[in-house]
Amino acid sequence: MNSHRFSWFNATSLTLGFVFLYLPILLLIIFSFNSSKLVTVWGGFSTKWYVSLFQNESFMNAAFVTLKVGLVSATIATVLGTLAALVMTRAGKFRGRTLFSGMIYSPLVMPEVITGLSLLLLFVALGWDRGFWTITLAHITFSMCFVAVVVSSRLITFDRSLEEAAKDLGCTPINAFLQVTLPIILPSVVAAWLLAFTLSIDDLVIASFTSGPGATTLPMKIYSQVRLGLNPEINALSTLMIIAVSVGVIVASILAKRAEAKQGLD
Amino acid sequence: MLWLLIFFLAPFFIVLKISLSDMATSIPPYTPQLDTKLGLLSSIPAYFKALDFENFIWLIEDNLYWKSYLSSLKVATISTLFVLLIGYPMAYALARAPTRWRGVLVLLIILPFWTSFLIRIYSWIGILKTEGFLNYFLMWIGIIDTPLEILNTNIAVYIGIVYSYLPFMILPLYAALEKMDDSLIEAALDLGSTRVTAFWQVTFPLSMPGVIAGCFLVFIPAMGEFVIPDILGGSETLMIGKTLWSEFFNNRDWPVAAAVAVVLLLLLVIPIVLFQRQQEKEHEVVA
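Being a predicted model, the structure only gives us computed values, none of them experimental.

Draft legend 1. Region of interest: the overall build of chain B. Secondary structure summary: chain B contains 14 helices and 0 strands in total. Listing each helix as α and each strand as β along chain B from the N terminus yields α-α-α-α-α-α-α-α-α-α-α-α-α-α. A burial count over chain B gives 54% of its 287 residues as buried. Nonlocal contacts in chain B, meaning residues at least 24 apart in sequence, comprise 70% of its contacts between residues at least 6 apart. Roughly 13,500 Å² of accessible area belongs to chain B as shown, and the carbon and sulfur atoms make up 70% of that amount.

Laid out in structure tokens, this is it:
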């Protein structure tokens, strides 16, 4: 669409929208450097909440658990989700296709309380001890679906003849996949991994249902603090998380742009 | 060869899928069996009792669950409408923004979605509470004299839902609006329609797939939302996600929590199936 049509109305609605989206986050960040214990009253600049945050062992433990769950579950979910995406885009019509794609799409919108509760009931039925691995399994389950959707949208536009050429030249199917298909879809696989990872480190509801004693994730920890009201340490922690995520997303999107530009040149 | 690979892999996969993903989608049928293993409240009868209990009180129309479902429905519907009202102009503006800015602007929309949900909700407490930023601001510019009570009311829940689900609405809308051919509007204008009628008769109908997808993406999860009503809402806020949670964690009444989940799932089956159909259709069009 033409740029000269960019009217005042459009500019205003975008600006207001962005203010609405970002003002709360900005306030949160600014007040994490507040020296006063009253979170909404400015008492001067200070980084003491960051210091006390890093001395708080239970927060640090929870952060460690969260990272571990995130890394393990994102990696497994990416592998499974990519394979699922391959099946979805390649296998054509097979029995149970509707069921299969239904299973992939529905967790995207399923309320977390239902997913969490049903997974928990399953773990209990299987008689598994709840803890680190049950959280990880639960996270794999729901983030895999997001991976499948992201990767399959890339696979739809993928030129199959490249793969066939590789096979004509003597590659085994597995080699053709690893040497031709995978490098081409890699940016979207990486993006999917990042998505799975952030979903996992963000999740409160599913983790609360599926965790057991000893395995507390950071969102669970934050939640228990937030229920008691505002807390400057949480502001500091949130700021750190927001910065980490933003840097990650921006770097990822720059990398994706570069990859796109490169493909355009080829 | 590839076919072999796929047909060797596919069944393997479906088994794997079912072993993982099916827990999420089809656990309700398991719940009765589950209780036997649990030995909770002498198993199956308890489950049926819970269901009867549900149905029974459902008839009386005066119970927590029934009210929670209704008010969840209300909250989800109203917030979906608001998200659409706010999201549509933004998506529209985004689709018309200069091309070189678009990537950055879209990134700015997505960025909050990547940051923690919990944190974004938490950030609203400081704004909405009685001695929060919003009240300071409004009192400072002189609109109000006494602080407004917003936190712990339904209004706060609406704000929270609209805020957190906005990107879910904007992105499908943007995708639909961006594809649109500008010449169609020009044609409408040439044929004598005003800008406003051109919008309602050409642009809006063409963006319908985006509107529908966005509404599903907001409505379905908002129905079962737990975190927002729990943190921003007060005691008057009844939402089914919250009821389920407290039934499960506070009352430790698993059969009832499971029954609540089953009913919620049944309520959501229709929109979920519709959503999935639409997604499939979109994909086929692309393919």
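Draft legend 2. Representation of the overall build of chain A. Each helix and strand counted, chain A has 11 helices and 0 strands in total. From first element to last, N terminus to C terminus, chain A shows the α and β order α-α-α-α-α-α-α-α-α-α-α. Counting all 266 residues of chain A, 54% fall into the buried class. Taking all contacts inside chain A whose residues are at least 6 apart in sequence as the whole, residues at least 24 apart take part in 69%. For chain A, the accessible area works out to roughly 12,000 Å², and carbon and sulfur atoms hold 68% of it.

Draft legend 3. Broad picture of the side chain of Ser 200 of chain A. All names here are of chain A. Checked against the element boundaries, Ser 200 lands in helix 8 (residues 173–202). The class for Ser 200 is buried, based on a relative accessible area of 3%. Setting aside its immediate chain neighbours within four residues, Ser 200 contacts Val 69, Gly 70, Ser 73 and His 139.

Draft legend 4. Summary view of the nonpolar core. By size, the foremost hydrophobic cluster in this structure holds 122 residues, and its most contacted members are Ile 231 and Leu 232 of chain B. Ignoring anything within four residues of it in the chain, the contact list for Ile 231 of chain B reads Tyr 223 and Val 226 of chain A together with Leu 118, Ile 121, Ile 125 and Asn 152 of chain B. Within the second largest apolar cluster, 13 residues are counted, among which are Val 151, Leu 155, Ile 185 and Ile 201 of chain A.

Draft legend 5. Quick look at the packing of helix 3 (residues 57–90) of chain A against helix 6 (residues 132–155) of chain A. Residues and elements named next belong to chain A. Close contact between helix 3 and helix 6 brings their axes to 5 Å; oriented N to C, the two are set at 40°. The angle between helix 3 and helix 6 places the two elements in the oblique class. The element helix 3 and its partner helix 6 pack so that their crossing is right-handed. Tallied by class, the residues present in the contact of helix 3 with helix 6 amount to 19 nonpolar, 9 polar and 2 charged.

Draft legend 6. Quick peek at a nonpolar patch on the surface. Residues Leu 266, Val 269, Ile 270, Val 273 and Leu 274 of chain B make up a contiguous nonpolar surface patch of roughly 450 Å² in combined accessible area. Looking at the secondary structure, you find Leu 266 of chain B in helix 14 (residues 254–286).

Draft legend 7. Inspection of helix 10 (residues 218–226) of chain A at higher detail. Among the 9 residues in helix 10 of chain A, 7 count as buried, and that is most of the element. Taken as a whole, helix 10 of chain A has its buried residues at Leu 218, Pro 219, Met 220, Lys 221, Ile 222, Tyr 223 and Val 226 of chain A.

Draft legend 8. Main features of the packing of aromatic side chains. Evaluated as defined, the whole model comprises 15 aromatic pairs over all chains. Ring centres 5.9 Å apart and planes at 55° place the aromatic pair Phe 20 of chain A and Trp 124 of chain B in the tilted group. Taken together, the residues Phe 20 of chain A in helix 1 (residues 8–32) and Trp 124 of chain B in helix 6 (residues 117–128) connect one chain to another. In this structure Trp 124 of chain B comes out as buried when scored by relative accessible area, which is 8%. Among the aromatic residues, ring-to-ring pairing joins Tyr 88, Tyr 92, Phe 199, Trp 200 and Phe 204 of chain B into one connected group.

Draft legend 9. Just the environment of Leu 71 of chain A, in detail. Residue and element names in this part refer to chain A. On the secondary structure map, Leu 71 appears in helix 3. Taking the C-alpha atoms as reference, Leu 71 lies 9.1 Å from Ala 196; in sequence the two are 125 residues apart. With residues up to four places along the chain from it excluded, the contact list for Leu 71 reads Trp 193 and Phe 197.

Draft legend 10. Highlighting the packing of helix 3 of chain A against helix 10 of chain A. Residues and elements named next belong to chain A. At their nearest, the axes of helix 3 and helix 10 sit 7 Å apart, and the two run at 140° to each other. The angle between helix 3 and helix 10 places the two elements in the oblique class. Every residue of helix 10 that contacts helix 3 at Ser 58, Phe 59, Ala 62, Ala 63 and Thr 66 is listed here: Leu 218, Pro 219, Lys 221 and Gln 225. Tallied by class, the residues present in the contact of helix 3 with helix 10 amount to 5 nonpolar, 3 polar and 1 charged.

Draft legend 11. Spatial organisation of the confidence of the model for chain A. Overall, the prediction assigns chain A a mean pLDDT of 78, with 85% of residues at 70 or greater. Across chain A, helix 3 of chain A holds the top mean pLDDT of 85, while helix 4 (residues 97–109) of chain A sits lowest at 67.

What counts, and where the lines are drawn
- Residues numbered from 1 in each chain as written.
- Chains lettered and ligands numbered in written order.
- Predicted model: local features only at pLDDT ≥ 70, side-chain atom pairs only at ≥ 80, totals over all residues.
- Heavy atoms only, no water.
- Helix = DSSP H or I, 4+ residues; strand = E, 2+ residues; numbered from the N terminus.
- Buried < 20%, exposed > 50% of the residue type's maximum accessible area, 1.4 Å probe, protein only.
- Contact = heavy atoms within 4.5 Å.
- Areas by Shrake-Rupley, 256 points an atom, 1.4 Å probe, with all protein chains shown as cover.
- Core = buried A, V, L, I, M, F, W, Y, C linked by side-chain atoms within 4.5 Å.
- Axes fitted to C-alpha atoms, helices over the stretch in contact; angles between N-to-C directions.
- Parallel < 35°, antiparallel > 145°, perpendicular 65-115°, else oblique.
- Left-handed = near helix turned anticlockwise from the far one by under 90°.
- Nonpolar A, V, L, I, M, F, W, Y, C, P; charged D, E, K, R; others polar.
- Patch = residues over 30% accessible without salt bridge, like charges linked within 9 Å, V, L, I, M, F, W, Y side chains within 5 Å.
- Salt bridge = Lys/Arg side-chain N within 4 Å of Asp/Glu carboxyl O.
- Phe/Tyr/Trp six-rings, centres within 6.5 Å; stacked < 30°, edge-to-face > 60°.
- pLDDT = per-residue confidence, 0-100.

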